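If you want the building blocks of each chain, they are given just below.
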Amino acid sequence: MSRRTRRLAAIITLNVVVAVVVVGLFAWLLFGPNSERFRAQFLSPAAAGNWWTLISVGVVNTLLYTAIAFAGGIVLALALALMRLSPIATLRWLATAWIEFFRGLPALIVIIFMGFGVPIAFGWSPPGGLVGAGLLALVLVASAYMAETIRAGIQAVPKGQTEAARSLGMSSGATMFRVVLPQAFRVVIPPLTNEFVLLIKDTSLLAIIGAEPLQRELTTLARDFQASGLSAGTSTSLVQAALLYLVITLPLTQLVAWMERRQRKATR
């Protein structure tokens, strides 16, 4: 038996073993000795939330909040990345302090500070109420992570591109925005898409500060159904939310994997 045949046989055997284990686990959960309790807790039709409400309100708000946080974060991140690369030391220090500060804090703490601490301390009413304050917190946190991604993308552009543009008489600003940044963003699209996926999940943290019924994102709505369903205390509505999150995020993660493969092929 050749080495290639042995390797193929080992892969097939491993896949069969994994499939048997997974199928066996689900069969034990659904039909084993505790199957009734499992189904009552996670698959109870009586405790399920309304699918239409979860999609039309929860999913729509989740995607809307993600888009707002991502757009605000990437604009702020671009400014921070340029400050990190600035020849002016003060700008570099400010950008570094901002990035390290918000990368070092949990997003949940920043949301609580922006939702409750800052408005009380300064008498500030955030636009959009508590949801607006939470989104601002997500923008601040996301900007710190995306700034480092954009900076790495800028530094990945060969210096010869900048030198060629400057030799043609372009100013440093025009060189950055017309030559360097377009190439840098092609490099950082996959990691920025990953950040978008993380933001989708981070919107669930807004549940901690509360929201009006029509402003609630997917996790908050699922918790509402969990508390008010016919079988309160079960987790069926949370299972519904988890499935909807997977429907949103799995295609995006596959898109990231495809872009990374394409990028690797292009650089060979």
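Computed from a prediction, not measured in an experiment: that's the story for all the values here.

Following the criterion strictly, the structure yields four salt bridges and no others. For the salt bridge of Arg103 with Glu148, the shortest nitrogen-to-oxygen distance reads 3.7 Å. Note that Arg103 is positioned in helix α4 (residues 89–104) and Glu148 in helix α6 (residues 129–156), a separation of 45 residues in sequence. Of the charged contacts in the structure, one is a salt bridge between Arg216 and Asp224, with a shortest N-O distance of 2.6 Å. Taking relative accessible area as the criterion, Arg216 reaches 21% and is therefore assigned partly exposed. Salt bridges sharing common partners tie together Arg84, Arg103, Glu148 and Arg151.

Per-residue confidence for the protein gives a mean pLDDT of 85; residues scoring 70 or more make up 94%. Confidence, read as mean pLDDT per element, is least for helix α2 (residues 35–42) in the protein (72) and greatest for α4 (95).

With that settled, the discussion passes to a nonpolar patch on the surface. A cluster of nonpolar side chains, Leu108, Ile112, Phe116, Ile120, Leu130 and Ile208, forms an exposed patch at the surface whose accessible area comes to about 510 Å². Relative to the helices and strands, Phe116 resides in helix α5 (residues 107–122).

For Thr193, the location among the structural elements is in helix α8 (residues 172–202). Under the relative-accessibility criterion, Thr193 is labelled buried at 14%. In this structure, the C-alpha to C-alpha distance between Thr193 and Val256, residues 63 residues apart in sequence, is 6.6 Å. If near-sequence neighbours (up to four positions away) are discounted, Thr193 is found in contact with Leu252, Val256 and Met259.

On the secondary structure map, Thr249 appears in helix α10 (residues 236–267). Residues within four places of Thr249 in sequence aside, it is in contact with Val197 and Ile200.

Rules used in this analysis
Residues numbered from 1 in each chain as written. Predicted model: local features only at pLDDT ≥ 70, side-chain atom pairs only at ≥ 80, totals over all residues. Heavy atoms only, no water. Salt bridge = Lys/Arg side-chain N within 4 Å of Asp/Glu carboxyl O. Helix = DSSP H or I, 4+ residues; strand = E, 2+ residues; numbered from the N terminus. Buried < 20%, exposed > 50% of the residue type's maximum accessible area, 1.4 Å probe, protein only. pLDDT = per-residue confidence, 0-100. Patch = residues over 30% accessible without salt bridge, like charges linked within 9 Å, V, L, I, M, F, W, Y side chains within 5 Å. Areas by Shrake-Rupley, 256 points an atom, 1.4 Å probe, with all protein chains shown as cover. Contact = heavy atoms within 4.5 Å.

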